[in-house]
Amino acid sequence: MRAIAALAAASILPVCATAQHEHVDSGPLDSPYPVVITPTRLRQALPDVPASVTVITSAQLVRLGITSISEALRLVPGMEVTRASGHDWRISYHGTNILTPRRMNVLVDGVSMYRPAYSRVLWQQFPITLIDVDRIEVTRGSNSASYGPNSMLAIVNIITKHPKDVERGLVSVGAGSNEVAAATVRLRKAWGRTALRVTASAEHDGAYDKLTRSNPQGHNATRLKRLNAKASSELSADTTLDLQAAFVEGVNEVPFTESSQVTFPDMRIRDYFLAGKWTTQLSPNHELQLAVNQTDFGIDWRWITCPPTATFLPEMYELWRVDHSYASAILAGKKPQGGTPEADALAAAAIAAIRRLGARARAQTCVAANHDIYEERTDFELQDTLMMSDRLRVVSGLGARRQRVRSPTLFAKVESGSLYRLFANAEVKATPWLHLNVGGYGEHEARTGWTWSPRAAINARLTDTQSIRMVLSKGTRTPDLYEQRADWKYHVSGATPPLNGATDLRFFQSAQSPGGLRPERIVSRELGYMLMVPRLGMSLDAKLFDDRLDHLISEKLQASDFKPTNRNQVRLRGAELQAAAELGGGWNGFVNYAFLRNSASSPLEQTHYSRHSGAAGIGRGKEGGVSWSLAYYGASGDGLGQNSYGRTDFTLAKAITVPSARVRASATLSRLDNKTVTYFRDFGSTLENRYDSRLQLRAQLDVSF
Amino acid sequence: MKPAPIQRRSFVWRVIVGAAGLGAARSILAASEIRIVVHGDSPGQRTALQAIQRRFGVVRVSADPKALGSPSSSAVYVATNADALRAALAAESALPLVSLFSSSERYWSTLQEIGKNRWRGQTTAIFAEASPLHQLQLIARIYERRVSVGVLLTEASAHAEPALRQAARETDLELQVERVAPNTDVLQALIRVSTATVLLAIPDRSLYTAANLRDILESTYRRGQPMIGFSTSMVAAGTLAAAYSSVDDTIAHLGEVVDSFQSGRMPEPQYPKYWRVAINESVARSLNVVISDAARGMGNRPRGGLR
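Throughout this description, residue numbers start from 1 for each chain and increase along the sequence as written. Chain A is the first chain written and ligand 1 is the first ligand written, with later ones labelled in order. Owing to the predicted nature of the model, reporting of local features is limited to residues with pLDDT of at least 70; listing and counting of side-chain atom pairs is limited to 80 or more, with chain, interface and lining totals taken over all residues. Side-chain figures throughout are based on the complete set of non-hydrogen atoms in the structure, without hydrogens or water.

A. Structural detail: the overall build of chain A. To qualify as a helix, a DSSP run of H or I must reach at least 4 residues; to qualify as a strand, a run of E must reach at least 2; elements of each kind are numbered from the N terminus. When you go through chain A residue by residue, the secondary structure sums to 8 helices and 35 strands. What you see for chain A is a C-alpha radius of gyration of 27 Å, in line with the 27 Å of a compact globule of 705 residues. Dimensions along the principal axes, computed over C-alpha positions, put chain A at roughly 100 × 55 × 50 Å. Residues classed as buried in chain A amount to 58% of the 705 residues present. Should any heavy atoms of two residues lie within 4.5 Å, those residues are considered in contact. Long-range pairs, those at least 24 residues apart, make up 65% of the contacts in chain A between residues at least 6 apart in sequence. In this tally, Lys and Arg are treated as positive and Asp and Glu as negative; His is ignored, and so are the chain termini. Charged side chains are reduced to one point each, which is NZ for Lys, CZ for Arg, CG for Asp and CD for Glu. When the 82 basic and 68 acidic side-chain charges of chain A are each reduced to a single mean position, those positions are 3 Å apart. Both definitions apply: the radius of gyration is a C-alpha atom measure, and the globule rule equals 2.2 Å times residues to the power 0.38. Accessibility here uses a 1.4 Å probe with only protein chains present; expressed as a share of the type maximum, an area under 20% marks a residue as buried, one over 50% as exposed, and anything in between as partly exposed.

Here it is in structure tokens:
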């Protein structure tokens, strides 16, 4: 799949400019070098991109001592980042609903990390280590026109290092507060025109020391192992083949979520990732790319729970399906009232069954429960990039995706679906200073039909160093398989003691999606300004935006209450600023700030919201010398149940070059403004996680050769 | 004296131009006999010969130096490329020899290989590539601040390091020099200068081959690291810019070198005095590098109405 269309788009200026003499055949100086950076390979200049973009480079990640992609996103103006527990990061551009952030797409080398069942991104489980990241490009704003539904609020494009761009070998070890430890080994090998890099890593992160009032143990660590191999082969002067395979396995510790649980509902994960991309230059102005990928995400999510025996009665199960309140009242020992005749009859049957159990009804029955889920996705895309003239470039393509989900708890059967897509974007150079971008993305899904996400943008260069942009776009988020087709039943096993002779039982709570959900929608308007000051090595980008989202599915979906609707809307307005400078002499600095106003029809869409947020930093580095950086990250935390966040990082590093190797040692000291992070769980319920100390220390040693 | 018969891979031209038609020709030139040693027959070489004839009037041309006439105290030999230089050196003449359109690396390695002593006369050169100072001045003008410049050097191009360091001091730029050992993967060396703001290419046949340049350009471009080349063909290939000397710039400089001979002074091998700038506007735009008109107009043009 393509890189961010904006940044992968070719410039439509002529490749060669002001040569003023004919070549002289004089050996190396005027050897006929082939044109390497052809028009189709040129990246789109930032002033010409029809969106606001934040680019985080690997150099910045190293300089600032950032150790995860989740933390790196605090550098993006307007990005809400909350760590709910060790593996559970709630991240969304402009926030909104913290319960399940699902309106932002994430790509790793063009492959979506957006899971088909839950519309979620598991940030801790990407099939890459941070050391392999070359850069993170965040297009801030609806990018459905380029990447389809689910890129509704923004898209995060993570691009890993080309196998040719890494050292022969790298060993990295790190450790720090909160039981943080990581080890990575990377090797590179080249044969002829093929290069391969293989990275193996293991990491442990203890995360919070305490979680919620009911779980003081702080059981939320993650333990992951990854293996990633990426190969690039030049099949000819014009054709390359890139292949990538990855495997992730590990454990995400999950704290108790119910008082009846006796073992932690930890997740055991196994993810497989396979991707191939074949690119050929039909001519310097015409490129064709075919991308195929297969992703398998698997979670074994099991625990032992010991609720009251009555909760496993078939009569209670049938009553719940008709009237939740009746079932809850009976279990609470109250007499249900006000229901339908059917509910009354089922309630009577349930009460009779409970009476037959006698004292056993309130005694515990221990069972093995699970929330296993296995998601597969196969994706194919063909993309054509054509410079039709020096004024017109068109990127178009088509694709298809097949996704399957299997979950004994969430779905009655294997659920699958196919999606088909078409897209086209045209970049028109109307005048040397005026660019127009027009395009759209159409996708067909069986239950929602066709969705169309158009975009029109004008980029105008006021001077060589200043430009403005105006963007109008529409985007969508297609309801996921869980929202549309959930048939939630807890089938449990190993009942101890058996109930009426049976060890395989069914918990009384269940839920079924009403289906018929329509896509969420966004209409986004943006006015942006960009300034570059070469003397300061500075770039500055500012934008005003007005986004209107509607048909939002905001409700918290759970077995006790599963009623998704398209009832809600949000208006997000505000301003953002980002600036970075490479001042020379090794000095560098950055600042970003976002102001956001969230007007929502439901408070659920204001649970992840900071009116003010930003980051700033300064540093100095010299090759072969000591480098340091100081950075601050903050968010006002104005969402329902949300507190403010602030953290100061100081990083010190020293790199030395010894024969055949380079050694870099670094340490980062962090100070939190608050030891506590709170976030919304439900109305009247806030979860609180704590670190024992405001201070955290991490150290890392890298040896490359 | 008649020139030698045409050999299979060499040719002899006799070029006659009405010297009166060249009002710009300097009187000193009429006193010097320019003998051109050529090698091969390419459009580029023909362009150079035409420029020489415009500047100097009557010239003798041959692939065989001995066919260009008997020794003359007013004659100056000019080799138009590295292979011609090799042929000229092998001819064992006592007359002054000027090498044109060969890189410094190629010039020094040819001298070492052939043995300077075989040419009993004095040799000098106007190197094909612009001087390190001019290249770094271009970088300084583009970036308008102190930035780091990465340079890869092998043993063959190591002679350029002192000039590079001096030029870096004069232009207030930070230099990161990476020595590349023989048979080393150039991309691995490139990684060690990946933190430099810009990469400067110095002509070196072992580093910048057509195949290597592709890998180097793709790698630096992926990293967003601009590269400054040493020729217009490199700029066309995808480097950000180059300071370079055009054919007419070089020929104008040759005139001054020949003048020096007449004064009894043999100049040292040197970089071109006259130069100008080539920019790949598309690459500059895509890498978000702002090129000012001042940077585009940099250089030193020869006087006298020459292009």
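B. Layout of the overall build of chain B. Helix and strand content of chain B: 12 helices and 12 strands. Per-residue burial for chain B yields a buried fraction of 62% across its 307 residues. Restricting the contact set of chain B to residue pairs at least 6 apart, pairs at least 24 apart contribute 74%. Of the roughly 11,700 Å² of accessible surface on chain B, 49% is carried by carbon and sulfur atoms. Each accessible area is a Shrake-Rupley result for a 1.4 Å probe, and residues are judged covered by the shown protein chains and nothing else.

C. Just the confidence of the model for chain B, in detail. All names here are of chain B. Per-residue confidence from the predictor is reported as pLDDT, a score between 0 and 100. Of all residues in chain B, 86% have pLDDT values of 70 or greater, and the mean over the chain is 84. Within the model, the stretch residues 1-30 combines pLDDT values under 50 with 42 contacts to residues more than four positions away or in other chains. As a predicted assembly, this complex carries a pTM of 0.90 together with an ipTM value of 0.88.

D. Examining empty space enclosed by the protein more closely. Residue and element names in this part refer to chain A. In this analysis the probe radius is 1.4 Å and the grid spacing 1 Å, with only protein atoms considered; a cavity is a set of points the probe fits into but cannot get out of, a pocket is an open set with protein on both sides within 12 Å along at least five of seven lines, and lining residues have an atom within 4 Å of a point. Grid points are joined across faces, edges and corners, and a volume is the space filled by probe spheres set on the points. Using the criterion set out here, one finds 15 cavities of 30 Å³ or more in the structure. Taken as a whole, the largest cavity holds about 310 Å³ of empty space. Considering the residues around the largest cavity, the lining is formed by 28 residues, among which Asn 150, Arg 401, Gln 403, Leu 419 and Glu 443 are closest to the centre. Of all elements in the fold, only β4 (104-108), β18 (392-406), β19 (415-431), β20 (434-445) and α8 (481-485) reach the threshold of two or more residues within the lining of the largest cavity.

E. Broad picture of the sheet that holds strand β12 (residues 276-279) of chain B. Residues and elements named next belong to chain B. In this scheme, strands are said to pair when DSSP sees at least two bridges between them. Overall, mixed pairing links the 6 strands, which are arranged β8-β7-β9-β10-β11-β12 in an open sheet. What marks the edges here is a single partner per strand, and that holds for β8 (174-179) and β12. On average, adjacent strands in this sheet sit at an angle of 25 degrees to one another, irrespective of strand direction. In this structure, strand β7 (residues 148-153) lies alongside strand β9 (residues 198-200), joined through 3 bridges in parallel fashion. Bridge pairing links Gly 150 to Leu 199 in β9. Orientation is described by lines fitted to C-alpha atoms, with helices fitted over the stretch in contact, and by angles between N-to-C directions that extend from 0 to 180 degrees. Of the strands in this sheet, β7, β9, β10 (227-229), β11 (241-244) and β12 touch helix α5 (residues 132-143), which is tilted by about 140 degrees from β11. Contacting β7, β8 and β9, helix α6 (residues 161-171) crosses the sheet at an angle of about 160 degrees to β8.

F. Just the sheet that holds strand β34 (residues 685-690) of chain A, in detail. Residues and elements named next belong to chain A. Across the sheet, which stays open at both edges, the 3 strands sit in the order β11-β34-β33 with antiparallel pairing between neighbours. Each of the sheet's edge strands pairs with one partner strand only, and the pair in question is β11 (210-211) and β33 (676-682). With 6 bridges joining them, β33 and β34 adopt antiparallel strand pairing. If you follow Thr 678 over to β34, its bridge partner there is Glu 688.

G. Region of the structure containing the pattern of salt bridges. Residues and elements named next belong to chain A. By definition here, a salt bridge exists when the distance from a side-chain nitrogen of Lys or Arg to a carboxyl oxygen of Asp or Glu is within 4 Å. Tallied over the full model, the rule gives 71 salt bridges over all chains. Residue Arg 647 is joined to Asp 649 by a salt bridge in which the shortest nitrogen-to-oxygen separation is 2.9 Å. Residue Arg 647 shares its accessibility class with Asp 649, and that shared class is buried.

H. View of the interface of chain B and chain A. Listed per partner, the contact involves 64 residues of chain B and 62 residues of chain A. Throughout, buried area stands for the accessible area (probe radius 1.4 Å) lost by two parts on being put together, summed over both. Buried area between chain B and chain A, summed over both chains or domains, comes out near 5,300 Å², and the portion from carbon and sulfur atoms is 52%. The interface formed by chain B and chain A includes 8 salt bridges. One salt bridge in this structure joins Lys 164 of chain A and Asp 215 of chain B, with 3.0 Å as the shortest N-O distance. Residues adjacent in sequence count toward polar contacts only when both atoms are side-chain atoms; beyond that, a polar contact is any pair of N or O atoms within 3.5 Å, and within protein one must be able to donate a hydrogen and the other to accept it. On the surface where chain B and chain A come into contact, there are 18 residue pairs in polar contact (both at pLDDT 80 or more). Residue contributions to the side of chain B that touches chain A peak at 10 residues, all from helix α8 (residues 210-223) of chain B.

I. Representation of the state of the cysteines. Residue and element names in this part refer to chain A. Disulfides are defined in this document as cysteine sulfur pairs within 2.5 Å. Within the structure shown, the criterion is met by 1 disulfide over all chains. Paired through a disulfide, Cys 306 and Cys 366 show a sulfur-sulfur distance of 1.9 Å. Disulfide Cys 306-Cys 366: the torsion about the S-S bond is 110 degrees, which places it as right-handed. Linking Cys 306 in the loop between β15 (286-305) and α5 (314-322) with Cys 366 in strand β16 (residues 366-370), this pair joins segments that are 60 residues apart in sequence. For Cys 306, a relative accessible area of 4% gives the class buried.

J. View of the nonpolar core. In this text, buried Ala, Val, Leu, Ile, Met, Phe, Trp, Tyr and Cys residues form a nonpolar core when linked through side-chain atoms within 4.5 Å. Ranked by size, the top nonpolar core spans 73 residues in total, and within it Ile 139 and Tyr 208 of chain B carry the most contacts. It is α5 of chain B that provides the largest number of residues to this core, a total of 5 residues. The contact partners of Ile 139 of chain B, leaving out residues within four places of it in the chain, are Val 147, Val 149, Leu 173, Val 198, Leu 200 and Ile 228 of chain B. With 48 residues, the next largest nonpolar core counts Met 316, Ala 495, Ala 511 and Ala 559 of chain A among its residues.

K. Main features of the packing of aromatic side chains. Residue and element names in this part refer to chain A. Only rings of Phe, Tyr and Trp enter the pairing, Trp through its six-membered ring, and a pair is recorded when the two centres are within 6.5 Å. The plane angle decides the type: under 30 degrees is stacked, over 60 is edge-to-face, the rest tilted. Counting across every chain of the model gives 22 aromatic pairs over all chains. Residues Trp 303 and Tyr 490 carry aromatic rings whose centres are separated by 6.5 Å and whose planes lie at 75 degrees to one another, so their mutual orientation is edge-to-face. With Trp 303 in strand β15 and Tyr 490 in strand β23 (residues 487-496), the pair connects residues that are 187 residues apart, well separated along the chain. Here Tyr 490 falls in the buried class, since its relative accessible area comes to 14%. Between Trp 320 and Phe 508 the ring centres are 5.2 Å apart and the planes differ by 90 degrees, which places this aromatic pair in the edge-to-face class. Note that Trp 320 is positioned in helix α5 and Phe 508 in strand β24 (residues 505-512), a separation of 188 residues in sequence. Counting every residue linked through ring pairs, the aromatic cluster contains Tyr 118, Trp 303, Phe 312, Trp 320, Tyr 482, Trp 488, Tyr 490, Phe 507, Phe 508 and Phe 562. A cation sits over an aromatic face here: Arg 506 above Tyr 317, 3.5 Å from the ring centre. Counting as a charge over the ring demands two things of the Lys NZ or Arg CZ atom: a distance within 6 Å of the ring centre and an angle within 35 degrees of the ring normal.

L. Layout of the side chain of Thr 385 of chain A. The topology assignment puts Thr 385 of chain A in strand β17 (residues 373-389). If sequence neighbours within four positions are ignored, Thr 385 of chain A has contacts with Thr 40, Asn 285, His 286, Glu 287, Arg 393, Val 394 and Val 395 of chain A.

M. Expanded view of the pairing of strand β2 (residues 33-37) of chain B. Residue and element names in this part refer to chain B. Burial analysis of β2 places 5 of its 5 residues in the buried class, the great majority of the element. Every second residue of β2 is oriented toward a common face, with Glu 33, Arg 35 and Val 37 on one face and Ile 34 and Ile 36 on the other, all of them buried. In the sheet, β2 pairs with strand β4 (residues 75-79) via 5 bridges, with the strands oriented parallel. Opposite Ile 36, over in β4, you have Val 78 as the bridge partner.

N. A nonpolar patch on the surface, seen in detail. All names here are of chain A. Among the surface-exposed residues, Leu 536, Leu 583, Trp 587, Ile 618, Val 626, Leu 630, Phe 650, Leu 652, Leu 669, Leu 695 and Leu 697 lie close enough to one another that they form a single nonpolar patch of about 920 Å² accessible area. Elements represented by at least two residues in the nonpolar patch include exactly β30 (626-635), β31 (645-658) and β35 (695-704). By the secondary structure assignment, Trp 587 is in strand β28 (residues 587-600). A relative accessible area of 33% places Trp 587 in the partly exposed class. Patch membership requires more than 30% relative accessible area and the absence of a salt bridge. Residues of like charge join within 9 Å; the nonpolar side chains Val, Leu, Ile, Met, Phe, Trp and Tyr join within 5 Å.

O. The side chain of Thr 365 of chain A, seen in detail. All names here are of chain A. Mapped onto the elements, Thr 365 comes out in the loop between α7 (341-357) and β16. Given a relative accessible area of 1%, Thr 365 falls into the buried group. Among the polar contacts made by the side chain of Thr 365, one reaches the side chain of Arg 360 at a distance of 3.1 Å. When near neighbours in sequence (up to four residues on either side) are disregarded, Thr 365 contacts Thr 305, Cys 306, Pro 307, Thr 309, Phe 312, Arg 360, Ala 495, Thr 496, Pro 497 and Leu 505.

P. Spotlight on the environment of His 491 of chain A. Residue and element names in this part refer to chain A. Relative to the helices and strands, His 491 resides in strand β23. Remark: the alpha-carbon pair of His 491 and Phe 507, spanning 16 residues in sequence, is separated by 6.6 Å. Discounting residues that sit within four places of it in the chain, His 491 has contacts with Ala 368, Asn 370, Pro 408, Leu 505 and Arg 506.

Q. A look at the pairing of β30 of chain A. All names here are of chain A. Taken together, the 8 bridges between strand β29 (residues 612-620) and β30 define a ladder with antiparallel strand orientation. The partner of Ala 616 across the bridge, within β30, is Tyr 632. Inspection of the sheet shows β30 paired to β31 by 10 bridges, in the antiparallel sense. What sits directly across from Val 626, in β31, is Lys 654.

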